[in-house]
Amino acid sequence: MSEERKFICVSCPLGCGLTVTLDDAGEVLKVEGNTCARGESYARSEVKDPRRVFASTVRVKGGKLPVCPIRSKTPAPKGKLSEIARAVAELEVNAPVKIGQVLIHNVCGSDVDIVASRDLAAV
Amino acid sequence: MSKKIDVLIIGAGPAGVAAGIGARREGAENVVVLERDWDLGGILQQCIHPGFGLRTFKEELTGPEYMHRFIKQAHDEGVEFRTNTMVFEIDKATNTVWTMNKERGIEALNPGAIVLTMGCRERPLGAIRIPGTRPSGIYTAGTAQRFVNMEGYMPGKRAVILGSGDIGLIMARRMIWEGAEVEGVYEVMSWPGGLRRNIAQCLDDYGIPFHLKTTVTRIHGQDRLEGVTVAQVDDHMTPIKGTERYVECDTLLLAIGLIPENELSRMAGIDIHPVTGGPVVNDLLQTTNPAVFAAGNVVIVYDLVDNVSDEGLIAGASAAKFAAGKLSGSARRIPVKGGENVRLYSPQYVTGETDATIFMRVTHPIEGACRVFAEPGLYSQRLRYARPGEMNEVKIKAEQIRNLPDLQEIVIDIQPV
């Protein structure tokens, strides 16, 4: 028996409808519906280890704005997103903030760093 | 006397910053971008989610990261920016641009060419006339996005989203990540307004229900929003009796469309297209006032910022040529007509002086093989589908137009095959 899973590719704005066929052991037999290599690797990742880029804000002390946008530098495990959201919500940083600056290293043991996604000057 | 401005650009969002770069690269000496905010980047500074610039940079950036790269390029190219500067009038007789700034006071600028890059605004609640009360707790999705991502406020705890434009979908996920509930997204049409991937990654990932052919028919609550009535609609978009349902919520976010912002364009005396809501332009992105150019969402609302930046570069370059007297006044003006299944498109004229990309949206979705084309025989491309929420393109080479000296009209359309 094989299992089929269908979902939309989120790798680019095209949003291709993907169909992944898995064998009994959960191994990928084939990927259909993708129109590029990114789609193929997204499909494989999505059935084995789904990941998303996490983006939010952290509170800033003494900045031009009260919050600074952040992102996970690389896609984070989907199952850990709410835990990561809580860790980010607790953080407060001091201005100035530089784009790319690591704010949380290895967030929630995920091997993913949280980085600032803009420059934010101090007042 | 300050030195003469060659190209003056109004708005430092993605289109304006790119226009600055385009103008400098084309050789304009003094290129100035005016911005009314204290910061550069426009709306992308509040679009903190990833998904921008895959085509331009081959990686997915957040809005602020995308703008960071373009702003750096603009500085490197020698573009001058003036922030906290508001344009309050354009005199169409002289193309004088009147500006206001706390330090500089009121100034009258007479540039060699003007580029309009003011972007667009969200369609407000008043545009759709929902019966009921007018309590607090009702925001356009972009206003809520600014509150959450730049001002650090949450608009509420339990939200209903009306309309399925991309900003609404993005805000649904954002509200969840900030600990709020999202009861559902309601779309009056039978197809989504935004991209399919945003339905997948913003709604499906979090189990947020998405209701097509359903709308909000009444607003409840005195001081603060207490709930909304939702109902399914028939093919004429009339609510169907018996399908009404009361939904408790303290927040209603509206993602019901974007409108090009053209108050200044009208002052400049240029023709506004009745369907796009933006200036009528040719493929050089020149408006009906020859000294005024326009690019980005002020012209037609795009899906992707990559397209906005590309158009900005073109408009900036064209404006630089005009300011230097290098744009021939005798350019051809071949009208582009939209076929049966074209709701809107831009540019509306082709000159043959440059390769042209015509952006368009279909009126009705085609869920199957179809063809996007430009007649007579100028372009044809097969598509797997065509949807109103996803723009399509027609590309025409300058050489093709030059080879057809008697060409009177170009017709673009998308039809099933």
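About the cut-offs
- Residues numbered from 1 in each chain as written.
- Chains lettered and ligands numbered in written order.
- Predicted model: local features only at pLDDT ≥ 70, side-chain atom pairs only at ≥ 80, totals over all residues.
- Helix = DSSP H or I, 4+ residues; strand = E, 2+ residues; numbered from the N terminus.
- Rg over C-alpha atoms; globule rule 2.2 N^0.38 Å.
- Buried ≥ 20, exposed ≤ 12 C-beta atoms within 10 Å, placed from the backbone.
- Contact = placed C-beta atoms within 7 Å.
- Pairing = 2+ DSSP bridges.
- Axes fitted to C-alpha atoms, helices over the stretch in contact; angles between N-to-C directions.
- Left-handed = near helix turned anticlockwise from the far one by under 90°.
- Nonpolar A, V, L, I, M, F, W, Y, C, P; charged D, E, K, R; others polar.
- Domains from an automatic or database assignment.

Caption draft 1: Expanded view of the overall build of chain A. Looking only at helices and strands, one finds two helices and ten strands in chain A. Scanning chain A from its N terminus toward the C terminus, one meets helices and strands in the order β-β-β-α-β-β-β-β-α-β-β-β. Taken over the C-alpha trace, chain A has a radius of gyration of 18 Å; the compact-globule value for 123 residues is 14 Å, which it surpasses by more than 25%. By principal-axis analysis of the C-alpha atoms, chain A measures approximately 60 × 30 × 15 Å. Looking at the 123 residues of chain A, the share that counts as buried comes to 36%. By sequence separation, contacts in chain A at least 24 residues apart represent 46% of the contacts at least 6 residues apart.

Caption draft 2: View of the pairing of strand β7 (residues 96–101) of chain B. Residues and elements named next belong to chain B. Pairing of strand β6 (residues 85–91) with β7, which is carried by six bridges, proceeds in the antiparallel orientation. When the bridges of β7 are listed, M86 appears paired with M100. Hairpin connection of β6 to β7: four residues between the antiparallel strands, including N95 at a positive phi of 55 degrees. Hairpin connection, β7 to strand β8 (residues 105–109): the antiparallel pair is bridged by three residues.

Caption draft 3: Region of the structure containing the packing of helix α4 (residues 141–151) of chain B against helix α5 (residues 166–177) of chain B. All names here are of chain B. At a minimum axis separation of 9 Å, α4 and α5 run at an interaxial angle of 40 degrees. Here α4 runs over α5; the crossing is left-handed. Contact residues: α4 offers A141, G142, A144, Q145 and V148, while α5 offers I167, G168, M171 and R174. Grouping the constituent residues of the contact of α4 with α5 by class yields five nonpolar, three polar and one charged.

Caption draft 4: Broad picture of the domain arrangement of chain B. Residues and elements named next belong to chain B. We note that the domain assignment places domain 1 (1–121 + 257–327), domain 2 (125–256) and domain 3 (328–417) within chain B. For domain 1 versus domain 2, the distance between C-alpha centres works out to 32 Å. With six residues of domain 1 at the contact, the number on the domain 2 side is eight residues. Tallied by class, the residues present in the side of domain 1 that touches domain 2 amount to one nonpolar, four polar and one charged.

Caption draft 5: Focus on the interface of chain B and chain A. At the interface, 20 residues of chain B touch 22 residues of chain A. Elements with a minimum of two residues in the side of chain B that touches chain A: α3 (63–77), α4 and α6 (196–203) of chain B. By residue number, the principal contributor to the side of chain B that touches chain A is α6(B), which donates four residues. A per-class count over the side of chain B that touches chain A returns nine nonpolar, six polar and five charged.

Caption draft 6: Region of the structure containing unusual backbone geometry. A cis geometry characterises the amide bond from B:S346 onward to B:P347, with omega recorded as 0 degrees. Note the cis peptide between B:E375 and B:P376, where omega equals 5 degrees. Mapped onto the elements of the fold, B:P376 is located in the loop between β25 (370–375) and β26 (379–383). The phi dihedral of A:N106 is positive, around 50 degrees, even though this residue is not glycine. Along the chain, A:N106 falls in the loop between β9 (102–104) and β10 (114–116). With a phi angle near 60 degrees, B:K58 is a residue other than glycine that sits in the positive phi range. Classification of B:K58 as exposed rests on a count of 7 C-beta atoms within 10 Å.

Caption draft 7: Just the environment of A:E40, in detail. Residues and elements named next belong to chain A. Within the secondary structure layout, E40 lies in helix α1 (residues 37–48). When the C-alpha positions of E40 and L14 are compared, they lie 14 Å apart, and in sequence the two are 26 residues distant. When residues no more than four places from it in sequence are discounted, the contact partners of E40 are V31 and N34.

Caption draft 8: Spotlight on the domain arrangement of chain A. Taken domain by domain, chain A consists of domain 1 (3–48) and domain 2 (55–116). Computed over C-alpha atoms, the centres of domain 1 of chain A and domain 2 of chain A are 29 Å apart.

Caption draft 9: Inspection of the sheet that holds strand β3 (residues 28–32) of chain A at higher detail. Residues and elements named next belong to chain A. An order of β1-β2-β3 is seen for the three strands of this open sheet, with the pairing classed as antiparallel. Of all the strands in the sheet, the pair left with one neighbour each is β1 (3–8) and β3. For this sheet, the mean inter-axis angle between neighbouring strands, taken without regard to orientation, is 20 degrees. In this structure, strand β2 (residues 17–22) lies alongside β3, joined through four bridges in antiparallel fashion.

Caption draft 10: Quick peek at the environment of B:P155. Residue and element names in this part refer to chain B. Within the secondary structure, P155 sits in the loop between α4 and β12 (158–162). Using a count of 23 C-beta atoms within 10 Å as the deciding quantity, one classes P155 as buried. Along the backbone, P155 and M175 are 20 residues apart, and their C-alpha atoms lie at a distance of 9.0 Å.

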